[in-house]
Amino acid sequence: MAFAIKHNMVEHKVNPFNQMLIKPGKKDKKTMTQSSIDICINFLKDKQHDEFINDFYYPCHFWLTLINVLQYTGIRRNQLLHIRIGDVLEESKTLFLREEGSKNFYEREVPLLDDVFDELVRLKQALLRLNRKPDMQLFNIYHFKNNKSKKYKEMNFNRIDSFFQRLSVSCGVRITPHRFRHTLATNLMKSPDRNITLVKELLGHSSITTTLEYIVTDQDQLRACLTQHFSHHDG
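If you're wondering where the values come from, they're calculated on a predicted model, not measured in any experiment.

*Asks:* It is not clear to me how the overall build of the chain should be interpreted in this structure. Could you clarify?
*Replies:* Within the chain one finds 10 helices and three strands. Each helix (α) and strand (β) of the chain, taken in turn from the N terminus, gives the series α-α-α-α-β-β-β-α-α-α-α-α-α. Burial statistics for the chain: of 235 residues in total, 40% are counted as buried. For the chain, long-range pairs separated by at least 24 residues make up 54% of all intrachain contacts whose partners lie at least 6 apart in sequence. Per element, the accessible surface of the chain, about 15000 Å² overall, is 52% carbon and sulfur.

*Asks:* How should the packing of helix α7 (residues 177-188) against helix α8 (residues 196-203) be read in this particular structure?
*Replies:* Relative placement of two packed helices is described by the angle separating their axes and the distance separating the axes. Two elements in contact, α7 and α8, have axes whose closest approach is 10 Å; the angle formed by their N-to-C orientations is 160°. Taken together, the axis directions place α7 and α8 in an arrangement best described as roughly antiparallel. Between α7 and α8 lies a crossing of right-handed hand. Seen from α7, the contacting residues are Arg181, Leu184, Ala185 and Leu188; seen from α8, they are Val199, Leu202 and Leu203.

*Asks:* Honestly, the nonpolar core in this entry has me stumped. Any pointers?
*Replies:* Within soluble globular proteins, side chains that are nonpolar tend to cluster in buried spots. Among the nonpolar cores identified, the biggest contains 46 residues, and Phe139, Phe164 and Leu167 are the most heavily contacted of them. When contributions to this core are tallied by element, the ones reaching two or more residues are α2 (34-47), α3 (60-73), α4 (77-82), β2 (94-97), α5 (114-129) and α6 (157-171). Tallying contributions element by element places α3 first for this core, with eight residues. Among the nonpolar cores identified, the runner-up in size contains five residues, and Ala185, Met189, Val199 and Leu203 belong to it.

*Asks:* What is the right way to read α7 from this model?
*Replies:* An α-helical turn contains 3.6 residues, so any two residues separated by three or four positions project in the same direction. In a regular helix each residue adds 1.5 Å, so 12 residues correspond to 16 Å; α7 covers 18 Å between its end C-alpha atoms and thus fits that length. Across the 12 residues of α7, nine count as buried, placing the element largely inside the fold.

*Asks:* What is the right way to look at the packing of aromatic side chains in this model?
*Replies:* Aromatic rings in a pair are described by how distant their centres are and how their planes are angled relative to each other. Evaluation of the coordinates by the stated rule reveals 10 aromatic pairs. Ring geometry for Phe56 versus Tyr57: centroids 5.1 Å apart, planes at 75°, classification edge-to-face. Taken individually, Phe56 and Tyr57 each receive the classification buried, so the pair is uniform in this respect. Taken together, a centroid distance of 6.3 Å and an interplanar angle of 65° make the contact between Phe164 and Phe180 edge-to-face. Here Phe164, found in helix α6, pairs with Phe180, found in helix α7; they are 16 residues apart in sequence, far enough to count as distant. Comparing Phe164 with Phe180, the two get one shared label, buried. The rings of Phe43, Phe56, Tyr57, Phe62, Trp63, Phe139, Phe144, Phe163, Phe164 and Phe180 are connected pair by pair, giving a single aromatic cluster. A cation over an aromatic ring shows up here: Arg77 above the ring of Phe157, its NZ or CZ 3.9 Å from the ring centre. The ring of Tyr142 has Lys153 sitting right over it, with the charged end atom 4.4 Å from the ring centre.

*Asks:* Help me out: how do you make sense of the sheet that holds strand β1 (residues 88-89) in this one?
*Replies:* Strands belonging to one sheet form pairs held by backbone hydrogen bonds; the direction of such a pair is parallel or antiparallel. Spatial ordering of the open sheet is given by β1-β2-β3, a layout of three strands whose pairing is antiparallel. In the strand order of this sheet, the two ends are held by β1 and β3 (108-111), each with one partner. As defined by bridge partners, β1 adjoins β2 across two bridges and the pair is classed as antiparallel. Looking at the pairing, Leu89 lines up with Thr94 of β2.

*Asks:* Could you clarify how one ought to interpret a nonpolar patch on the surface in this entry?
*Replies:* Taken together, the side chains of Met1, Phe3, Met9, Val10, Phe17 and Met20 define a hydrophobic patch exposed on the protein surface, amounting to about 640 Å² of accessible area. Inspection of the secondary structure assignment puts Phe17 in the loop between α1 (2-6) and α2.

*Asks:* It is not clear to me how the environment of Asn140 should be interpreted in this structure. Could you clarify?
*Replies:* With respect to the helices, strands and loops of the structure, Asn140 is situated in the loop between α5 and α6. Excluding its chain neighbours within four sequence positions, the residues that come into contact with Asn140 are Phe62, Tyr152, Lys153, Glu154 and Met155.

*Asks:* Honestly, the pairing of β2 in this entry has me stumped. Any pointers?
*Replies:* In the case of a regular strand, side chains alternate between the two sheet surfaces. Here β2 shows a buried face lined by Thr94 and Phe96 and a second buried face lined by Leu95 and Leu97. Linking β1 back to β2 in an antiparallel pair, the connection comprises four residues, with Lys93 at a positive phi of about 55°. Pairing geometry for β2 and β3, over four bridges, is antiparallel. Note that in β3 the partner of Phe96 across the bridge is Glu109.

Parameters at a glance
Residues numbered from 1 in each chain as written. Predicted model: local features only at pLDDT ≥ 70, side-chain atom pairs only at ≥ 80, totals over all residues. Heavy atoms only, no water. Helix = DSSP H or I, 4+ residues; strand = E, 2+ residues; numbered from the N terminus. Buried < 20%, exposed > 50% of the residue type's maximum accessible area, 1.4 Å probe, protein only. Contact = heavy atoms within 4.5 Å. Areas by Shrake-Rupley, 256 points an atom, 1.4 Å probe, with all protein chains shown as cover. Axes fitted to C-alpha atoms, helices over the stretch in contact; angles between N-to-C directions. Parallel < 35°, antiparallel > 145°, perpendicular 65-115°, else oblique. Left-handed = near helix turned anticlockwise from the far one by under 90°. Core = buried A, V, L, I, M, F, W, Y, C linked by side-chain atoms within 4.5 Å. Expected span 1.5 Å × (residues − 1). Phe/Tyr/Trp six-rings, centres within 6.5 Å; stacked < 30°, edge-to-face > 60°. Lys NZ or Arg CZ within 6 Å of the ring centre and 35° of its normal. Pairing = 2+ DSSP bridges. Patch = residues over 30% accessible without salt bridge, like charges linked within 9 Å, V, L, I, M, F, W, Y side chains within 5 Å. Salt bridge = Lys/Arg side-chain N within 4 Å of Asp/Glu carboxyl O.

This is how it looks when you write it as structure tokens:
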């Protein structure tokens, strides 16, 4: 309209759309219940006994480790794909995240729970036994596939998304890499000793405002707050 007014293409002298705003719809927050996550994990554990190289979940130990890293660190899919074999830091029990995988281009280390750390060390050792180099991609399903060309191939977004889509269908629940990030942030803020600054640091956000966008309001907490308030008020 501004272009049309400027070039005398319409009779209007003032743009009627000035200062008009269209508010975007508010999307539902993307979180998962622990029971949904457990369904997927148990599915993969059960398949470990009869997996074949052509199964979408082969090898199960690889995908289980990947899921646990997403679940307990809240890192982004892009950060996951930029992790190298040598980025599992055994002395500090941390995972090094490279700046090229980060939205804000910060490199940092994230702490690992003991079980997740042990899984990563086992994956790292398995890859080193396959003569993979420390600068190669850690989460790369092609390390375990027959590669006739023998040419190194990196895993990409499509390969991860394809796995989670098929896992969702097989388990009857909606599961995606980014939902782990929202779920972790929300669950940490349900804790009695919740600390939004620590959650911000864990997720690697530059602003607490961004962190708040990841946190789903817990209805049980709201109900408890209301109950406590009105019980006290009535008393």
